[in-house]
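Tertiary structure, described
One-letter residues, chain by chain:
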Amino acid sequence: MPYLGAHLSIAGGYHKALETARRYRMRAVQLFTKNNTQWRAKPITSAELERFRHARHLLRPRWLLAHVSYLINLASPDPQLFRRSVEAFIQEWQRAHTLQLDYLVLHPGAHTGTGELGALNRVADALAEARHRCSECTTQILIENTAGQGTALGWELEQLQWIAHRLGNPPWLGFCLDTCHLFAAGYPLAPRRAWLQTLRRLRQHLRLERIRAWHLNDSARGLGSRIDRHAHIGYGQIGLEGFRLVLRCRAFRHLPMILETPKGDADGTDWDAKNLQTLRRLLR
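A brief report on the enclosed structure follows. (Residues numbered from 1 in each chain as written. Predicted model: local features only at pLDDT ≥ 70, side-chain atom pairs only at ≥ 80, totals over all residues. Heavy atoms only, no water.)

**Some details on the sheet that holds strand 1 (residues 3-7)**
For clarity, the threshold we go by: Two strands make a pair as long as DSSP finds a minimum of two bridges between them. We count a stretch as a helix when DSSP gives it H or I for four or more residues in a row; a strand needs E for two or more, and each element gets its number in order from the N terminus. Only C-alpha atoms enter the line fits that serve as axes; for helices the fit covers just the stretch in contact. Angles between N-to-C directions range over 0 to 180 degrees.
Read around the closed barrel, the eight strands follow the order 1-2-3-4-5-6-7-10; overall the barrel is parallel. In this sheet, neighbouring strand axes are inclined to one another by 30° on average, regardless of whether the strands run parallel or antiparallel.

Below you can see the structure in the form of C-alpha coordinates.
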(Lines give C-alpha, C1' and ligand atoms only; values in the text may rest on other atoms or scores of the structure.)
Protein backbone atom coordinates (compact mmCIF):
# COMPACT_ATOMS: atom_id res chain seq x y z
CA MET A 1 0.00 0.00 0.00
CA PRO A 2 1.43 3.43 -0.90
CA TYR A 3 2.16 5.99 1.81
CA LEU A 4 -0.22 8.93 1.44
CA GLY A 5 0.56 12.49 2.49
CA ALA A 6 0.57 16.11 1.36
CA HIS A 7 2.76 19.15 0.96
CA LEU A 8 2.40 20.99 4.28
CA SER A 9 3.29 24.44 5.56
CA ILE A 10 6.36 25.05 7.73
CA ALA A 11 4.98 28.35 9.05
CA GLY A 12 5.99 28.45 12.70
CA GLY A 13 8.75 25.89 12.24
CA TYR A 14 9.52 22.64 10.44
CA HIS A 15 7.90 20.68 13.24
CA LYS A 16 4.53 22.26 12.43
CA ALA A 17 4.33 20.30 9.16
CA LEU A 18 4.75 17.03 11.06
CA GLU A 19 2.23 18.02 13.70
CA THR A 20 -0.30 18.70 10.95
CA ALA A 21 0.53 15.38 9.29
CA ARG A 22 -0.10 13.58 12.57
CA ARG A 23 -3.62 14.99 12.78
CA TYR A 24 -4.38 13.68 9.28
CA ARG A 25 -2.72 10.28 9.89
CA MET A 26 -0.31 10.85 7.01
CA ARG A 27 2.64 8.53 6.47
CA ALA A 28 4.46 10.84 4.05
CA VAL A 29 5.11 14.58 4.16
CA GLN A 30 6.53 17.11 1.71
CA LEU A 31 7.69 20.58 2.75
CA PHE A 32 9.91 23.47 1.74
CA THR A 33 13.27 23.79 3.50
CA LYS A 34 13.01 27.60 3.35
CA ASN A 35 10.76 30.44 2.25
CA ASN A 36 9.79 29.43 -1.27
CA THR A 37 9.62 33.00 -2.58
CA GLN A 38 13.10 34.13 -1.50
CA TRP A 39 16.62 33.22 -2.53
CA ARG A 40 18.12 33.66 0.90
CA ALA A 41 17.57 31.35 3.83
CA LYS A 42 18.35 31.61 7.51
CA PRO A 43 20.52 28.82 8.91
CA ILE A 44 18.66 25.94 10.55
CA THR A 45 19.19 26.36 14.28
CA SER A 46 19.85 23.51 16.70
CA ALA A 47 16.56 24.33 18.47
CA GLU A 48 14.61 24.06 15.19
CA LEU A 49 16.31 20.78 14.40
CA GLU A 50 15.55 19.36 17.84
CA ARG A 51 11.84 20.28 17.60
CA PHE A 52 11.69 18.71 14.15
CA ARG A 53 13.31 15.50 15.38
CA HIS A 54 10.90 15.30 18.30
CA ALA A 55 7.88 15.77 16.00
CA ARG A 56 9.31 13.15 13.66
CA HIS A 57 9.62 10.70 16.56
CA LEU A 58 5.93 11.20 17.40
CA LEU A 59 4.68 10.89 13.81
CA ARG A 60 7.09 8.21 12.62
CA PRO A 61 6.54 8.98 8.91
CA ARG A 62 7.75 6.47 6.37
CA TRP A 63 8.87 9.16 3.91
CA LEU A 64 9.92 12.80 4.21
CA LEU A 65 10.40 14.93 1.10
CA ALA A 66 11.21 18.53 0.30
CA HIS A 67 10.53 20.51 -2.85
CA VAL A 68 13.05 23.11 -3.98
CA SER A 69 12.10 26.74 -4.50
CA TYR A 70 10.39 27.53 -7.80
CA LEU A 71 12.89 30.37 -8.26
CA ILE A 72 15.56 27.84 -9.18
CA ASN A 73 16.11 27.27 -12.92
CA LEU A 74 19.04 24.99 -13.65
CA ALA A 75 18.24 25.21 -17.38
CA SER A 76 18.57 28.99 -17.57
CA PRO A 77 20.76 30.34 -20.39
CA ASP A 78 21.39 33.51 -18.37
CA PRO A 79 24.80 33.00 -16.68
CA GLN A 80 23.88 35.00 -13.60
CA LEU A 81 20.55 33.24 -13.00
CA PHE A 82 22.11 29.86 -13.75
CA ARG A 83 24.86 30.42 -11.17
CA ARG A 84 22.41 31.74 -8.62
CA SER A 85 20.19 28.70 -9.21
CA VAL A 86 23.06 26.25 -8.77
CA GLU A 87 24.12 27.85 -5.48
CA ALA A 88 20.52 27.92 -4.22
CA PHE A 89 20.02 24.28 -5.18
CA ILE A 90 23.19 23.23 -3.36
CA GLN A 91 22.01 25.13 -0.29
CA GLU A 92 18.65 23.37 -0.39
CA TRP A 93 20.29 19.96 -0.80
CA GLN A 94 22.43 20.63 2.25
CA ARG A 95 19.40 21.78 4.25
CA ALA A 96 17.47 18.63 3.27
CA HIS A 97 20.45 16.57 4.42
CA THR A 98 20.56 18.44 7.75
CA LEU A 99 16.88 17.62 8.27
CA GLN A 100 17.60 14.00 7.27
CA LEU A 101 14.96 14.00 4.54
CA ASP A 102 14.66 11.11 2.11
CA TYR A 103 14.14 13.04 -1.12
CA LEU A 104 14.51 16.52 -2.60
CA VAL A 105 12.25 17.16 -5.61
CA LEU A 106 13.41 19.39 -8.44
CA HIS A 107 11.82 20.66 -11.66
CA PRO A 108 14.31 20.48 -14.57
CA GLY A 109 13.74 24.15 -15.42
CA ALA A 110 12.89 26.16 -18.53
CA HIS A 111 15.04 26.95 -21.55
CA THR A 112 13.28 30.32 -22.15
CA GLY A 113 13.40 29.93 -25.91
CA THR A 114 17.06 29.03 -26.36
CA GLY A 115 16.52 25.37 -27.26
CA GLU A 116 16.09 22.10 -25.41
CA LEU A 117 19.43 20.35 -25.98
CA GLY A 118 21.59 23.11 -24.56
CA ALA A 119 19.22 23.47 -21.63
CA LEU A 120 19.30 19.74 -20.87
CA ASN A 121 23.09 19.91 -20.89
CA ARG A 122 22.98 22.80 -18.41
CA VAL A 123 20.70 20.82 -16.08
CA ALA A 124 23.02 17.81 -16.18
CA ASP A 125 26.10 19.97 -15.60
CA ALA A 126 24.42 21.71 -12.66
CA LEU A 127 23.45 18.40 -11.06
CA ALA A 128 26.95 17.02 -11.55
CA GLU A 129 28.49 20.07 -9.88
CA ALA A 130 25.96 19.95 -7.05
CA ARG A 131 26.69 16.28 -6.39
CA HIS A 132 30.42 16.95 -6.32
CA ARG A 133 29.91 19.66 -3.72
CA CYS A 134 27.26 17.69 -1.78
CA SER A 135 28.95 14.31 -1.88
CA GLU A 136 28.20 13.77 1.82
CA CYS A 137 24.47 14.40 1.42
CA THR A 138 22.31 11.29 1.89
CA THR A 139 19.11 12.92 0.61
CA GLN A 140 18.36 11.67 -2.90
CA ILE A 141 17.39 14.00 -5.75
CA LEU A 142 14.16 13.35 -7.65
CA ILE A 143 13.59 15.12 -10.97
CA GLU A 144 9.91 15.87 -11.43
CA ASN A 145 8.12 15.66 -14.76
CA THR A 146 6.30 18.78 -15.91
CA ALA A 147 3.20 19.62 -17.94
CA GLY A 148 5.36 21.32 -20.59
CA GLN A 149 3.85 24.74 -20.13
CA GLY A 150 5.82 27.48 -21.84
CA THR A 151 9.43 26.35 -22.33
CA ALA A 152 9.52 24.00 -19.33
CA LEU A 153 11.65 20.90 -19.75
CA GLY A 154 10.68 17.45 -18.51
CA TRP A 155 7.25 17.01 -20.07
CA GLU A 156 8.57 14.34 -22.42
CA LEU A 157 9.84 11.22 -20.66
CA GLU A 158 12.75 11.15 -23.09
CA GLN A 159 14.01 14.45 -21.64
CA LEU A 160 14.07 13.02 -18.12
CA GLN A 161 15.77 9.90 -19.43
CA TRP A 162 18.39 12.01 -21.22
CA ILE A 163 19.39 13.90 -18.04
CA ALA A 164 19.74 10.72 -16.00
CA HIS A 165 21.68 8.96 -18.78
CA ARG A 166 24.04 11.91 -19.17
CA LEU A 167 24.84 11.60 -15.43
CA GLY A 168 25.32 7.84 -15.67
CA ASN A 169 22.04 6.93 -13.94
CA PRO A 170 23.56 7.37 -10.46
CA PRO A 171 21.82 5.84 -7.40
CA TRP A 172 21.34 9.27 -5.79
CA LEU A 173 19.09 10.37 -8.68
CA GLY A 174 15.52 9.26 -9.37
CA PHE A 175 12.17 10.59 -10.53
CA CYS A 176 9.00 11.99 -9.00
CA LEU A 177 5.95 11.80 -11.23
CA ASP A 178 3.04 14.22 -10.99
CA THR A 179 -0.30 12.87 -12.22
CA CYS A 180 -1.53 16.28 -13.36
CA HIS A 181 1.70 16.92 -15.26
CA LEU A 182 1.68 13.47 -16.88
CA PHE A 183 -1.90 13.88 -18.03
CA ALA A 184 -1.42 17.45 -19.28
CA ALA A 185 1.69 16.32 -21.16
CA GLY A 186 -0.37 13.72 -23.04
CA TYR A 187 0.08 10.52 -21.02
CA PRO A 188 -3.36 9.08 -20.11
CA LEU A 189 -3.96 7.39 -16.74
CA ALA A 190 -7.27 5.74 -17.62
CA PRO A 191 -8.95 3.59 -18.79
CA ARG A 192 -6.87 0.54 -17.93
CA ARG A 193 -5.66 -0.10 -21.49
CA ALA A 194 -4.43 3.49 -21.79
CA TRP A 195 -2.78 3.33 -18.34
CA LEU A 196 -0.92 0.16 -19.34
CA GLN A 197 0.41 1.97 -22.41
CA THR A 198 1.63 4.82 -20.23
CA LEU A 199 3.14 2.32 -17.81
CA ARG A 200 5.05 0.69 -20.67
CA ARG A 201 6.47 4.07 -21.65
CA LEU A 202 7.48 4.75 -18.06
CA ARG A 203 9.22 1.39 -17.92
CA GLN A 204 10.95 2.00 -21.25
CA HIS A 205 12.26 5.49 -20.59
CA LEU A 206 12.63 5.83 -16.80
CA ARG A 207 12.67 2.26 -15.44
CA LEU A 208 9.98 1.75 -12.82
CA GLU A 209 12.43 1.21 -9.96
CA ARG A 210 13.82 4.71 -10.51
CA ILE A 211 10.38 6.24 -9.93
CA ARG A 212 10.56 6.88 -6.19
CA ALA A 213 7.64 9.21 -5.45
CA TRP A 214 4.37 10.52 -6.87
CA HIS A 215 2.49 13.80 -6.65
CA LEU A 216 -1.25 13.13 -6.77
CA ASN A 217 -3.13 16.02 -8.37
CA ASP A 218 -6.12 16.05 -10.65
CA SER A 219 -5.87 18.24 -13.76
CA ALA A 220 -8.13 21.22 -14.42
CA ARG A 221 -7.22 21.04 -18.12
CA GLY A 222 -7.51 18.25 -20.64
CA LEU A 223 -5.22 15.48 -21.83
CA GLY A 224 -2.27 16.92 -23.75
CA SER A 225 -3.17 20.53 -22.92
CA ARG A 226 0.35 21.19 -21.56
CA ILE A 227 -1.23 23.53 -18.98
CA ASP A 228 -0.30 23.01 -15.32
CA ARG A 229 -3.45 23.55 -13.26
CA HIS A 230 -3.94 21.31 -10.24
CA ALA A 231 -7.45 20.27 -9.20
CA HIS A 232 -8.84 18.29 -6.28
CA ILE A 233 -9.01 14.52 -6.65
CA GLY A 234 -12.07 13.63 -8.72
CA TYR A 235 -12.82 17.26 -9.59
CA GLY A 236 -10.63 17.46 -12.69
CA GLN A 237 -10.18 15.81 -16.06
CA ILE A 238 -8.24 12.70 -15.00
CA GLY A 239 -11.14 10.97 -13.25
CA LEU A 240 -11.16 8.69 -10.22
CA GLU A 241 -10.33 5.60 -12.28
CA GLY A 242 -6.95 7.09 -13.19
CA PHE A 243 -6.05 7.57 -9.54
CA ARG A 244 -7.30 4.11 -8.64
CA LEU A 245 -5.00 2.56 -11.25
CA VAL A 246 -1.97 4.53 -10.03
CA LEU A 247 -2.68 3.80 -6.36
CA ARG A 248 -3.16 0.09 -6.94
CA CYS A 249 -0.21 -0.43 -9.30
CA ARG A 250 2.08 -3.06 -7.74
CA ALA A 251 5.20 -1.27 -8.97
CA PHE A 252 4.40 1.77 -6.83
CA ARG A 253 2.74 0.22 -3.79
CA HIS A 254 5.47 1.20 -1.29
CA LEU A 255 6.13 4.74 -2.55
CA PRO A 256 5.23 8.13 -1.04
CA MET A 257 2.26 9.70 -2.82
CA ILE A 258 1.89 13.39 -2.03
CA LEU A 259 -1.08 15.71 -2.54
CA GLU A 260 -0.28 19.18 -3.92
CA THR A 261 -3.89 20.27 -4.33
CA PRO A 262 -5.24 23.69 -3.25
CA LYS A 263 -5.66 23.90 0.51
CA GLY A 264 -8.96 25.58 1.28
CA ASP A 265 -12.00 27.45 0.06
CA ALA A 266 -13.94 30.39 1.44
CA ASP A 267 -16.57 27.93 2.70
CA GLY A 268 -14.02 26.35 5.03
CA THR A 269 -13.74 22.98 3.26
CA ASP A 270 -10.76 21.00 4.57
CA TRP A 271 -9.50 19.80 1.20
CA ASP A 272 -6.53 17.83 2.49
CA ALA A 273 -8.92 15.75 4.59
CA LYS A 274 -11.39 15.40 1.72
CA ASN A 275 -8.76 14.42 -0.86
CA LEU A 276 -7.14 11.93 1.52
CA GLN A 277 -10.53 10.39 2.21
CA THR A 278 -11.08 9.96 -1.53
CA LEU A 279 -7.69 8.34 -2.06
CA ARG A 280 -8.13 5.99 0.89
CA ARG A 281 -11.50 4.95 -0.44
CA LEU A 282 -9.94 4.15 -3.82
CA LEU A 283 -7.37 1.97 -2.10
CA ARG A 284 -9.95 -0.14 -0.28
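**Observations regarding the nonpolar core**
This is how the line gets drawn: To form a nonpolar core, buried Ala, Val, Leu, Ile, Met, Phe, Trp, Tyr and Cys residues must be joined to one another through side-chain atoms within 4.5 Å. Working definition: with a 1.4 Å probe on protein chains only, accessible area under 20% of the residue-type maximum means buried, over 50% means exposed, and in between means partly exposed. By definition in these notes, contact holds between two residues if any of their heavy atoms fall within 4.5 Å.
Within the largest apolar cluster, 82 residues are counted, with the highest numbers of intra-cluster contacts made by Phe89, Leu127, Trp214, Leu216 and Phe252. With residues near it in sequence (within four places) discarded, Leu216 still touches Leu4, Thr179, Ile233, Phe243, Val246, Leu247, Met257, Ile258, Leu259, Glu260, Thr261 and Leu279. Judged by nonpolar contacts, the second largest core, of 10 residues, contains Tyr3, Tyr103, Val105 and Cys176.

**A closer look at the pairing of strand 5 (residues 140-144)**
In plain terms, the rule: For the handedness criterion, the strands are oriented away from the viewer, and a crossover whose path from the first strand over the helix to the second runs clockwise is classed as right-handed.
Among the five residues that make up strand 5, four are buried, leaving the element largely enclosed by the rest of the structure. In the sheet, strand 4 (residues 103-106) pairs with strand 5 via four bridges, with the strands oriented parallel. Counterpart to Leu104 in the pairing with strand 5 is Ile141. Once the chain exits strand 4 it traverses helix 4 (residues 116-133) before rejoining the sheet at strand 5, and the crossover so formed is right-handed.

**Section: helix 9 (residues 271-283)**
Since there are 3.6 residues in each turn of an α-helix, residues three or four apart along the chain are aligned in direction. In plain terms, the rule: In this analysis, the expected span of each helix is defined as 1.5 Å times one less than the number of residues it contains. When we speak of the arc, we mean the arc of directions from the helix axis to the C-beta atoms.
Over its 13 residues, helix 9 extends 18 Å from the first C-alpha to the last, a length consistent with the 18 Å expected when each residue adds 1.5 Å. Residues of helix 9 that are buried: Trp271, Asp272, Asn275, Leu276, Thr278, Leu279, Leu282 and Leu283. Within helix 9, the buried residues cover an arc of 160° as seen down the axis, which keeps them to one side. Taken together, the buried residues of helix 9 touch strand 1, helix 1 (14-24), strand 7 (211-216), helix 8 (240-247) and strand 10 (256-259).

**Re the environment of Gln204**
Within the fold, Gln204 resides in helix 7 (residues 192-205). Along the sequence, Gln204 and Asp272 sit 68 residues apart, while their C-alpha atoms lie 33 Å from each other.

**Things to note about the packing of aromatic side chains**
This is how it is decided: Each aromatic pair joins two rings of Phe, Tyr and Trp (for Trp, the six-membered one) with centres within 6.5 Å, and gets the label stacked for planes under 30 degrees apart, edge-to-face for over 60, and tilted for any other angle. Geometrically, a lysine NZ or arginine CZ counts as sitting over a ring once it is within 6 Å of the ring centre and also within 35 degrees of the ring normal.
Within the structure shown, the criterion is met by eight aromatic pairs. Geometrically, the ring pair formed by Tyr14 and Phe52 is edge-to-face, given 6.2 Å between the ring centres and 75° between the ring planes. Here Phe52 lies in helix 2 (residues 46-59) and Tyr14 lies in helix 1, a separation of 38 residues in the sequence. The exposure class of Phe52 is buried, given its relative accessible area of 1%. Among the aromatic residues, those joined into a cluster by ring pairs are Phe89, Trp93 and Trp172. Across from the ring centre of Trp63, 4.0 Å away, lies the NZ or CZ of Arg62, which sits over that ring. Its end group placed over the ring of Trp155, Arg226 keeps NZ or CZ at 3.8 Å from the ring centre.

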